[in-house]
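Residues per chain, in single letters:
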Amino acid sequence: MIIQCPFCGAKYEAPPGRGFYVCPYCGTVISEGRTFENVYIFKPSVDKTTAFKKALNFRPFGSPEDLPQASPSGADLHFLPLYLYHITFQPLEELETYASALAMSNPPVKLPRNYVFPARWRAPFKPSLERIGVFHSPDLSPEEAFRSLNDVLEEAHAYASVFKTKVTVRWSFEGIVYYPLWNLSYLYRGRNYKAVVDAAEGSVFYMEYPISWRGRAGGLGLAAGSLLATAAVGALTAHYLGLYPQIGALGGALAGLGAAVRLLAFAASRTGRYEAQYKL
């Protein structure tokens, strides 16, 4: 279906059946034929050059020392739609909070698993005729997106359990928030890598990077050290319990096998991947 933006007049194609439509040119949101009023934005404060510097100077484990000299090859600014919620926990009024959740099932950039976006420091959105990035439309309902906030709810329930209080969760949909992310690509020794940088405050969300020979050797060393450490702990535990230390060492080594295998896979790979931890 073709939609004409009521603000900038641009026409764009959008799939039918969605609750909200976002103009990719100016970011105006419409719902059921009317302009949606409660729209916010996290203002981008990190430009393209700074975003590349943040990524290439990040230096995750195993990356080469000359990574900052890699060549930028592409950059796109994306505005992802989030749903904003006001959440209360009765009868514990002090737990009242605002939270935001990604409103897309397939975001155009690589995101960390279980990442919870911030809700504070948002500002009212004002449409602009100048296209500074790509605005994306939600394809999830507010009810579907709210399910991704399990960590927020579990933290509140854990707090309530200390006081042996059962809480009732109530939430209201407060609007849409745009969050800006730089989707970057860069070249290192003829190979292309991706990175995603928070355009609001500059942190690295996700990064692919080459693994140096020193990084691979470090991965092998950590794998061996992990097995030896867990085997030693197992042997000491078995000795304390009056069992054969050899059995304890074997059990400890098996317990640490998963971590060792991941480190060995890292050492054997040419590409490393970093993902940011989620925020609360």
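On a predicted model such as this, the values are computed, not experimentally measured, just so you know.

A. Inspection of the overall build of the protein at higher detail. Secondary structure assignment for the protein yields 6 helices and 14 strands. Burial analysis of the protein (280 residues in total) assigns 44% to the buried set. Across the protein, contacts joining residues at least 24 apart in sequence account for 69% of those joining residues at least 6 apart. Carbon together with sulfur atoms contributes 55% to the accessible area of the protein, which is approximately 15,600 Å² in total.

B. Inspection of helix H1 (residues 48–56) at higher detail. Buried within H1 we find Ala51, Phe52, Ala55 and Leu56. Summarising the axial view, the buried residues of H1 lie within an arc of 120°, below the 170-degree limit, and thus occupy one face. In this structure, H1 carries Thr49 and Lys53 as exposed residues pointing more than 90 degrees from its buried face. On its buried side, H1 packs onto strand S7 (71–90), strand S11 (168–188), strand S12 (191–198) and strand S13 (204–210).

C. Structural context of the confidence of the model for the protein. For the protein, per-residue confidence averages 81 on the pLDDT scale, and 81% of positions sit at 70 or higher. Within the protein, H1 carries the highest mean pLDDT (95), whereas helix H6 (residues 257–268) carries the lowest (56).

D. Spatial organisation of a nonpolar patch on the surface. Judged by side-chain polarity, Tyr159, Val162 and Phe163 come together as a nonpolar surface patch covering roughly 310 Å² of accessible area. Relative to the elements of secondary structure, Phe163 occurs in the loop between helix H3 (150–162) and S11.

E. Examining the pairing of S11 more closely. Examined bridge by bridge, strand S6 (residues 39–41) and S11 share 3 bridges and lie parallel to one another. Residue pairing for S11: Val39 is matched across the bridge by Ile176. Relative to S11, S7 runs antiparallel, the two sharing 19 bridges. Residue pairing across strands places Gln90 opposite Thr168, the latter belonging to S11. Hairpin geometry of S11 and S12 is characterised by an intervening segment of 2 residues between the two adjacent antiparallel strands and by a positive phi of about 50° at Arg189.

F. Seen up close, the packing of aromatic side chains. Here the structure, examined in full by the defined rule, presents 16 aromatic pairs. Seen in terms of ring centroids, Phe42 and Tyr179 are 4.9 Å apart; in terms of plane orientation they differ by 50°. Their pairing is tilted. On the criterion of sequence distance, the pair formed by Phe42 in the loop between S6 and H1 and Tyr179 in strand S11 is long-range, its members being 137 residues apart. On the accessibility criterion, Phe42 (5% relative accessible area) is buried. With 4.4 Å between their ring centres and 10° between their planes, Phe79 and Phe135 make a pair best called stacked.

G. Examining H3 more closely. Taking 1.5 Å as the rise per residue, H3 with 13 residues should run 18 Å; its terminal C-alpha atoms sit 19 Å apart, in good agreement. Structurally, H3 contributes buried residues whose contacts are with S7, helix H2 (142–146) and S11. Downstream of H3 by a residue or two, Lys164 has a phi angle that is positive, lying close to 55°.

H. Focus on unusual backbone geometry. Cis rather than trans, the peptide bond between Gln90 and Pro91 has omega equal to 10°. Along the chain, Pro91 falls in the loop between S7 and strand S8 (97–102). Even without being glycine, Arg59 reaches a positive phi, approximately 55°. Considering the arrangement of structural elements, one finds Arg59 in the loop between H1 and S7. A relative accessible area of 36% places Arg59 in the partly exposed class. Phi angles above zero are rare outside glycine, and Arg189 is one such case at about 50°.

I. Here's a closer look at the side chain of His86. By the secondary structure assignment, His86 is in strand S7. Within the structure, the side chain of His86 is placed 2.6 Å from the side chain of Glu96, a separation counted as a polar contact.

J. The arrangement of the pattern of salt bridges in detail. Counted under the stated rule, the structure contains 1 salt bridge. Ionic pairing is found between Asp66 and Arg189, a salt bridge with its closest N-O pair at 3.6 Å. Here Arg189 lies in the loop between S11 and S12 and Asp66 lies in the loop between H1 and S7, a separation of 123 residues in the sequence. Its relative accessible area of 29% is what places Asp66 among the partly exposed residues.

Rules used in this analysis
Residues numbered from 1 in each chain as written. Predicted model: local features only at pLDDT ≥ 70, side-chain atom pairs only at ≥ 80, totals over all residues. Heavy atoms only, no water. Helix = DSSP H or I, 4+ residues; strand = E, 2+ residues; numbered from the N terminus. Buried < 20%, exposed > 50% of the residue type's maximum accessible area, 1.4 Å probe, protein only. Contact = heavy atoms within 4.5 Å. Areas by Shrake-Rupley, 256 points an atom, 1.4 Å probe, with all protein chains shown as cover. Arc of directions from axis to C-beta. pLDDT = per-residue confidence, 0-100. Patch = residues over 30% accessible without salt bridge, like charges linked within 9 Å, V, L, I, M, F, W, Y side chains within 5 Å. Salt bridge = Lys/Arg side-chain N within 4 Å of Asp/Glu carboxyl O. Pairing = 2+ DSSP bridges. Phe/Tyr/Trp six-rings, centres within 6.5 Å; stacked < 30°, edge-to-face > 60°. Expected span 1.5 Å × (residues − 1). Polar contact = N/O pair within 3.5 Å; in protein donor to acceptor, adjacent residues only side chain to side chain.

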